[in-house]
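Geometric and topological summary
The residues making up each chain are set out below.
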Amino acid sequence: MARGGAAAGLPPLAFPDEQLIDRMGIHITRWEEESVEATMPVAGNRQPFGLLHGGANAVLAETLGSIAASLYAGPTRLAVGLELSCTHHRAVTEGLVTGVATPVHRGRTTATYEIIVRDEAGRRSCTARLTCVLRDRPA
């Protein structure tokens, strides 16, 4: 069950059908103004050698950073990914990974988030950074 969101005065998270987060098994567990957290299974998200795919880390990171930036942008603006970088520190072969996005910079036109992904033992497996441009929603 997700924590945060409506209980913290933030809008509920609702996504249209057929989202990548569903295919990846990403589950948003907390969304607040200062951080957004989710889990993702390793199973089904491995590369051919049995390790968690680096692209799966990138999907998790961009998902968390984009949600955080969208919450910051508010209902009248859109957050659109501009740049994503990921550093993969250690291999993960099983279980769940947990990602947490926290703000590095939140300005008028851009928002940047650091996303740390950890394995079930709490070891950092990936550090990512996402910058989003904040634009007015089309009329």
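The next subject is helix 2 (residues 54–73). With 20 residues, helix 2 extends 28 Å between its outermost C-alpha atoms, agreeing within 8% with the 28 Å of an ideal straight helix rising 1.5 Å per residue. One or two positions beyond helix 2, positive phi appears at glycine 74, with a value near 85°.

Below, the discussion takes up the side chain of glutamate 37. By the element assignment, glutamate 37 lies in strand 3 (residues 36–41). Classification of glutamate 37 as buried rests on a relative accessible area of 15%. At 2.8 Å, the side chain of glutamate 37 forms a polar contact with the side chain of arginine 30.

The next subject is the pattern of salt bridges. In this structure the tally under the stated criterion is four salt bridges. Taking the shortest distance from any N to any O, the salt bridge between glutamate 32 and arginine 30 comes out at 3.7 Å. Of the charged contacts, one joins arginine 106 and glutamate 34 as a salt bridge, the two residues approaching to 2.7 Å between their closest N and O atoms. Taken together, the residues span a long stretch of sequence, with arginine 106 in strand 5 (residues 96–106) and glutamate 34 in the loop between strand 2 (27–31) and strand 3 at a distance of 72 residues. Owing to a relative accessible area of 29%, arginine 106 belongs among the partly exposed residues under this scheme. Overall, the relative accessible area of 47% leaves glutamate 34 in the partly exposed class. Taken together, the shared-partner salt bridges connect Arg30, Glu32 and Glu37 into one network.

The next thing to look at is the nonpolar core. It is characteristic of soluble globular proteins that their nonpolar side chains tend to be buried jointly. One finds Ile26, Met40, Leu60, Leu64, Val97 and Ile115 to be the most contacted residues of the largest nonpolar core, which totals 33 residues. Elements with a minimum of two residues in this core: helix 1 (20–24), strand 2, strand 3, helix 2, strand 5, strand 6 (110–118) and strand 7 (124–136). Of the residues forming this core, the biggest block, 10 residues, is contributed by helix 2. The residues touching isoleucine 115, leaving out its near neighbours within four places in the chain, are Ala61, Leu64, Gly65, Val100, Ala101, Cys126, Thr127, Ala128 and Leu130.

How each quantity is defined
- Residues numbered from 1 in each chain as written.
- Predicted model: local features only at pLDDT ≥ 70, side-chain atom pairs only at ≥ 80, totals over all residues.
- Heavy atoms only, no water.
- Helix = DSSP H or I, 4+ residues; strand = E, 2+ residues; numbered from the N terminus.
- Expected span 1.5 Å × (residues − 1).
- Buried < 20%, exposed > 50% of the residue type's maximum accessible area, 1.4 Å probe, protein only.
- Polar contact = N/O pair within 3.5 Å; in protein donor to acceptor, adjacent residues only side chain to side chain.
- Salt bridge = Lys/Arg side-chain N within 4 Å of Asp/Glu carboxyl O.
- Core = buried A, V, L, I, M, F, W, Y, C linked by side-chain atoms within 4.5 Å.
- Contact = heavy atoms within 4.5 Å.

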